[in-house]
Each structure stands twice: as C-alpha cells, then as structure tokens.
Amino acid sequence: MNRRELLVGAALLPLVRAGRLYAAPATQKRLLIVFMRGAYDAANVVVPGASEFYYRARPNIALPRPGSAENAALPLDEAWAIHPVLKDTIVPLYRKGQAAFVPFAGTDDLSRSHFETQDSIELGQDLNGSRDFRSGFMSRLAGVLQDAVTPIAFTGQLPLIFRGQMIIPNMSLNTGAKPGIDARQAALISGMYQGSGLAPAVAQGFQVEDEVYKSLAGEMQAASRGATSTKGFELEARRIARLMREKFNLGFVDVGGWDTHVNQGGASGYLAGRLGELGKGLAGFADEMGPDWANTTVIAISEFGRTFRENGNRGTDHGHGSVYWILGGNIKGGRIVGDQVRVAEETLFQNRDYPVLNEYRALLGGLFAKLYGLDEGAVQKVFPGSKSKDVGLV
C-alpha cells in the first residue's frame, strides 16, 4: 500500500467524527513521539561526566570533561553532562524545567537488531507473547482516547506504531514536493470509488493532502523572502508544530542516520552534526508551538543504545540501554529521572552496554496515565502485561 492509498482512508475517522475537514482536536494536550532510527549513542549525548570509566573506555571519542575546554560537555548535575552542540537549543529548555532525560531506558529485547528492536518497540507488546503486526501502541493509545485525539504520522509510509483498527493519516513533511498524484489522477481515482462506501474517504483524503500541500507551498514562498532556518529537521519540525497547533494532537515522526559504527566523532564530527540538527528541530518545534507548548509533550526514543566502549573504528556498535528525552511546557523537567546506577565497568550489562532499568512500556505507560488521566486498566490496553511507572515528570 503506497502513501496515497494510506492517505485516502486516513482522514475518514477524524473528519467524520467532527463533521468538517481538519477539526480542532478535542483535547488541548498534544503528544509527539520522535523515533531516532539507527540507535543513537546516548553516552556521548547525555554524558556520564562523573565516570572515570567513561574516559578510559572512549580514548578517542569521549567529550572533554565539563569545564576543561571550550567544547567540553556542559554539566546538567553532579553526575551527568550534555553535548555542547545542544547549548543553544536543548539546554535552555532544560534550565527552564522543560526538558528531562531518562538514562538506562529501553526495551528488554536483546536481539540488538535494528529492525527487530524497532518493531518490538513500535508494537509495544509483551516480548513473551506472540506478535500482532496489525497493532502498534500509538494506535492502541488513540483507540483508548477515542474522540479526544486526532492522530497523524508525519512519515511517508504508515509506521508500525500507528497500525491498528483506527484509520490514521500519514504524510511526510520533509519535502516541499508537489503531491504524487495530480488533480486529473485524483479525479480518476475518485471516479473509481463513486457510489461505494469508500467514496467519502477517497474524496476527503485528497482534500487532506491538497490542503497540507497548499500550506507548505505558502510557507516556501515566505522562506524565499528571507525567512530563517529552512534547512533539515528544523524546517520539518516547525511544519509539524503548525499542524499540531491547529489540526492534530497525537503525532509521530522518525529521524534516521544514527548508526555510528565508524568515525562517530566526539565534540565535533558526524554524531555532533546529526545531534545539532535534532536539537534545532526540537527547539524550533517548541518555539513554533507558541502558547500551546504549555500543553505539549515530546518524547524522543531510539531502538537501543550503543556499546559503552568505543570500537576499533572510532565508533560504537549495537548496544542495549539508551537515554530517552522528555520535553514539554507541561513537565517537571530540569532533572535526570528514573532508576539509575553508577556508571562503571562493573555495572555494564554483559560487560558492554548500559543496562535497561527503566523499561520503556512501563515508562511511557506512566507518562500516558498522568498526561491523560488514564487508570491502570486503560494503560493495560495500550501496553498489555506491563505495569506503569511514574517518574514524576507530570
């Protein structure tokens, strides 16, 4: 099924529920999940600066100790620091209590396979049971919240996380290209469905895409007159914010390029460049949300962390525990939260990785419960077999 086919039926549920195109969401609360595909190296982003072992394990890629150089890691608390490339984007949010980090977070999946672990996270199902690839956890969350949410995936293909019984729209915003099907082709396709039960969904699906495209075209014209920051993820994130501010309140986007086996870099280099783009995007999203940022939560996750020791190619390999980011104008941030352990050689999982102390289903279940006032029974519908964990952010 291609992107157009997904869009055709995608608009039906929110549109019919509300009785008009792009209805305003039923709740003021907004949630965006950002998936960093490729497994980012958490230990060189949220840095265990108080750990001597960190510097021994990474002789070529460790960030300079806080306070030791101009490009040194920036302290967050006594034990943790953050990559300096985030100084002007994420750090100000952290200082305002609008960003927090959860180290030792992730899934108990031990395959260390990108695809296997991405699938297991997006499904959000019990690892000991059989998998239902038609049921992603964000789709189940939307089902629990019902009319309170208007969901969308900001992706070219409908992601596994949003597959399920509900019809969810998807559209990538990282390009200003025209829709893949022109007006003539849209009319032909609409004619094929004329008189069928799908005819309203087909017509409304094309309206959704055309309206979004027109919005982006206007924005591109403004940018050509000197608007700032029209590059990379920041532009996409600002587009997402405008749509979530006005039309949707439950979103998903993925950002690739985090698999750093070779020449990862430290304070500068490949990972720093990707991280800088992500930071600008997330800060741009917060800025673009305006007053609605006060009711918005962003959760940034990755499939797993990376090996704590650098490899022979000045990179890192597939690991286990990671660090999740929680941002928002409605959180009690400015803290490192969740269960933690001193970072040392003897505390590594299998003598190579961060352990997982904050299992992601329990962590997200606890956040969803607080954000939406869900009881444990409702959380179980989203993450069956998991017990929610409250880390005190909401």
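Since the structure is predicted, the reported quantities are computational estimates derived from the model, not experimental observations. (Residues numbered from 1 in each chain as written. Predicted model: local features only at pLDDT ≥ 70, side-chain atom pairs only at ≥ 80, totals over all residues. Heavy atoms only, no water.)

1. As for the environment of G329
In step 1: Locating G329 in the fold gives a position in the loop between β9 (322–328) and β10 (335–336).
In step 2: On the basis of relative accessible area, G329 is assigned to the partly exposed category, the value being 30%. (Helix = DSSP H or I, 4+ residues; strand = E, 2+ residues; numbered from the N terminus. Buried < 20%, exposed > 50% of the residue type's maximum accessible area, 1.4 Å probe, protein only.)

2. Thoughts on the sheet that holds strand β3 (residues 74–75)
In step 1: The strand order β2-β4-β3 describes an open sheet built from 3 strands, whose pairing is antiparallel. Each edge of the open sheet is held by one strand with a lone partner, namely β2 (46–47) and β3.
In step 2: Strand direction decides the pairing type here: β3 and strand β4 (residues 81–82), joined by 2 bridges, are antiparallel. Paired with P75 across the bridge in β4 is A81. (Pairing = 2+ DSSP bridges.)

3. Description of the pairing of strand β1 (residues 30–36)
In step 1: Taken across its 7 residues, β1 has 7 buried, putting it largely inside the fold.
In step 2: Burial along β1 is two-sided: R30, L32, V34 and M36 and L31, I33 and F35, pointing in opposite directions, are all buried.
In step 3: Pairing of β1 with strand β8 (residues 296–302) involves 7 bridges; the strand directions are parallel. Residue pairing for β8: L31 is matched across the bridge by T297.
In step 4: As defined by bridge partners, β1 adjoins strand β7 (residues 250–255) across 6 bridges and the pair is classed as parallel. Opposite L31, over in β7, you have L250 as the bridge partner.

4. Remarks on the pairing of β8
In step 1: With 7 of 7 residues buried, β8 lies mostly within the body of the structure.
In step 2: Where burial is concerned, the two faces of β8 agree: the one with T296, V298, A300 and S302 and the one with T297, I299 and I301 are both buried.
In step 3: The sheet contact formed by β8 and β9 spans 4 bridges and is antiparallel. Within β9, the residue paired with I299 across the bridge is I326.

5. Considering the packing of aromatic side chains
In step 1: Under the criterion given, the structure shown has 15 aromatic pairs.
In step 2: Aromatic side chains Y40 and W325 sit 6.4 Å apart centroid to centroid with 80 degrees between the ring planes, which places their arrangement in the edge-to-face category. Taken together, the residues span a long stretch of sequence, with Y40 in the loop between β1 and β2 and W325 in strand β9 at a distance of 285 residues. Comparing Y40 with W325 shows no difference in burial state: the two are buried.
In step 3: An angle of 65 degrees between the planes, with centres 5.0 Å apart, marks the rings of F104 and Y354 as edge-to-face. You can see F104 sitting in strand β5 (residues 99–106) and its partner Y354 sitting in the loop between β10 and β11 (358–359), a full 250 residues away along the chain. Residue F104 shares its accessibility class with Y354, and that shared class is buried.
In step 4: Connected via pairs of aromatic rings, a cluster forms that spans F53, Y54, Y55, W80, F104, F308 and Y354.
In step 5: In this arrangement the basic side chain of R58 is found over the ring face of F308, its NZ or CZ atom lying 5.5 Å from the centre. (Phe/Tyr/Trp six-rings, centres within 6.5 Å; stacked < 30°, edge-to-face > 60°. Lys NZ or Arg CZ within 6 Å of the ring centre and 35° of its normal.)

6. Description of unusual backbone geometry
In step 1: One non-glycine residue, Q146, lies in the positive phi region at around 55 degrees.
In step 2: Examined against the element boundaries, Q146 turns out to sit in the loop between α6 (137–145) and β6 (151–153).
In step 3: Phi at Q350 is positive, roughly 55 degrees, even though this residue is not glycine.
In step 4: The residue Q350 is located in the loop between β10 and β11 in this model.

7. So, the packing of α6 against helix α11 (residues 360–372)
In step 1: For the pair α6 and α11, interaxial distance at closest approach is 13 Å and the crossing angle is 25 degrees. The angle between α6 and α11 falls in the class roughly parallel. Relative to α11, α6 is oriented so that their crossing is right-handed. Between α6 and α11, the contacting residues are F137, L141 and L145 on the first element and Y360, L364, F368 and Y372 on the second.
In step 2: Within the contact of α6 with α11, the residues separate by chemical class into 7 nonpolar, no polar and no charged. (Axes fitted to C-alpha atoms, helices over the stretch in contact; angles between N-to-C directions. Parallel < 35°, antiparallel > 145°, perpendicular 65-115°, else oblique. Left-handed = near helix turned anticlockwise from the far one by under 90°. Contact = heavy atoms within 4.5 Å. Nonpolar A, V, L, I, M, F, W, Y, C, P; charged D, E, K, R; others polar.)

8. Re the confidence of the model for the protein chain
In step 1: Taken as a whole, the protein chain shows an average pLDDT of 86; of its residues, 81% reach a score of 70 or greater.
In step 2: A low-confidence stretch, residues 1–23 (pLDDT under 50), is modelled with 62 contacts involving residues beyond four sequence positions or located in other chains.
In step 3: In this model residues 219–231 is a low-confidence stretch, pLDDT under 50, and it forms 10 contacts with partners more than four residues away in sequence or in other chains. (pLDDT = per-residue confidence, 0-100.)

9. Some details on the pattern of salt bridges
In step 1: Counting across every chain of the model gives 23 salt bridges.
In step 2: One salt bridge in this structure joins D109 and R131, with 3.7 Å as the shortest N-O distance. With D109 in the loop between β5 and α5 (114–123) and R131 in the loop between α5 and α6, this pair connects stretches of sequence that are 22 residues apart.
In step 3: Relative accessible area serves as the criterion here: at 10%, D109 is assigned to the buried category.
In step 4: Given the relative accessible area of 30%, R131 is considered partly exposed.
In step 5: Residues joined by salt bridges that share partners form a network here, namely E234, R238, R242, R245, E246, K247, D287 and E288. (Salt bridge = Lys/Arg side-chain N within 4 Å of Asp/Glu carboxyl O.)

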